[in-house]
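# A closer look at the structure
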Amino acid sequence: NAGVTQTPKFRILKIGQSMTLQCAQDMNHNYMYWYRQDPGMGLKLIYYSVGAGITDKGEVPNGYNVSRSTTEDFPLRLELAAPSQTSVYFCASSSRVRQGPNQPQHFGDGTRLSIL
Amino acid sequence: GQQVMQIPQYQHVQEGEDFTTYCNSSTTLSNIQWYKQRPGGHPVFLIQLVKSGEVKKQKRLTFQFGEAKKNSSLHITATQTTDVGTYFCAGPDAGNNRKLIWGLGTSLAVNP
C-alpha cells in the first residue's frame, strides 16, 4: 500500500496565483485532514473531512478550500496565493471512530510551498 | 480553548544521555497520542495511551499517561543520533473527537 500520497512535493507560486494540492489515500480511511506547518512550529489544522461529501473548517481555513468527492481523494485549493501561505502542507488520514479512542493519523510526505 | 502544552521546546543532549519531554493538557483527555517527525520528514505515529496511569515501552522509549489523564511524558534512555527529531503529543478535541489538539512539539538534538 502507498498510504497517503501528496503531490506535488515542491512548488513555487507567484502572489495571486492559484493551485491545488493533491492528496490520495488507499487505506479506505473515512477521515482526512489538511495541516500546515510553519518552520519550527507545530501543526495547524486547515480543513478536515469525515467522509465523502462532508468537509469542515479547522483553525486556519481562510484562503483555502477543499472538496471530498470520493473516499480516496481530498484536494486542497489555494486561491489568490499570499506570502503568508508559504508553508509545508501535510495531508493525513485515519480510520473512523466507532467506539473507543480516536485512531492514529497517517501522514503524507508533505508539499513544500513557497509564495514569492 | 482547549490547549496541549509541551516542554521543553528544545533539548540538546550528548549521545548516551537520557531525554524527557512533558505534555500537559488543559482538559482531561480520553487518550493521548505521540508522534515523531524527523528533520524534513512527516509526523509518524509512535503510540497511543488510553488508561489512567498507563505506562508503555518501545525499546528505549517509555511513555506514561498521568493518573488524572491530563499529562503525559516520553522518556528516552541512552539517546542515539537516530532519536533526533521533533516529538509531538496530541489529544482529541473535547468538543469533536474527530480532531486532534496538537502540542507544539519538543525538538531533540543529539551530539555524537
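Above this note sits the structure.
The text that follows walks through the structure, step by step, so that each part is easy to find. (Residues numbered from 1 in each chain as written. Chains lettered and ligands numbered in written order. Predicted model: local features only at pLDDT ≥ 70, side-chain atom pairs only at ≥ 80, totals over all residues. Heavy atoms only, no water.)

Right, let's get into the pairing of strand 7 (residues 61–65) of chain B. All names here are of chain B. Within strand 7, four of the five residues are buried, leaving the element largely enclosed by the surrounding structure. Across four bridges, strand 6 (residues 55–58) lies against strand 7 in antiparallel orientation. Note that in strand 7 the partner of Gln58 across the bridge is Leu61. Between strand 6 and strand 7, which pair antiparallel one after the other, the connecting turn spans two residues, and Lys59 there sits at a positive phi close to 55°. As paired strands, strand 7 and strand 8 (residues 71–76) are joined by five bridges and run antiparallel to one another. Each bridged residue has a counterpart across the sheet, and for Thr62 the counterpart in strand 8 is His75. Taking the residues that link successive antiparallel strands as the turn, the strand 7-strand 8 hairpin has five residues, and the phi of Lys69 there is positive, at about 60°. (Buried < 20%, exposed > 50% of the residue type's maximum accessible area, 1.4 Å probe, protein only. Helix = DSSP H or I, 4+ residues; strand = E, 2+ residues; numbered from the N terminus. Pairing = 2+ DSSP bridges.)

Here we come to the packing of aromatic side chains. All names here are of chain A. Considering all chains together, one arrives at 13 aromatic pairs over all chains under this definition. Ring centres of Tyr33 and Tyr48 lie 6.3 Å apart, and the angle between their planes is 20°; this geometry places the pair in the stacked category. Of this pair, Tyr33 sits in strand 4 (residues 31–37) while Tyr48 sits in strand 5 (residues 43–51); the two residues are 15 residues apart in sequence, bridging distant segments of the chain. Assigned by exposure class, Tyr33 and Tyr48 land together as buried. (Phe/Tyr/Trp six-rings, centres within 6.5 Å; stacked < 30°, edge-to-face > 60°.)

Quick look at the pattern of salt bridges now. Residue and element names in this part refer to chain A. For the structure on display, the rule yields six salt bridges over all chains. Of the charged contacts in the structure, one is a salt bridge between Asp38 and Arg36, with a shortest N-O distance of 2.9 Å. On the basis of relative accessibility, which here comes to 11%, the residue Arg36 falls in the buried class. (Salt bridge = Lys/Arg side-chain N within 4 Å of Asp/Glu carboxyl O.)

Purely geometric numbers; function is a separate question.
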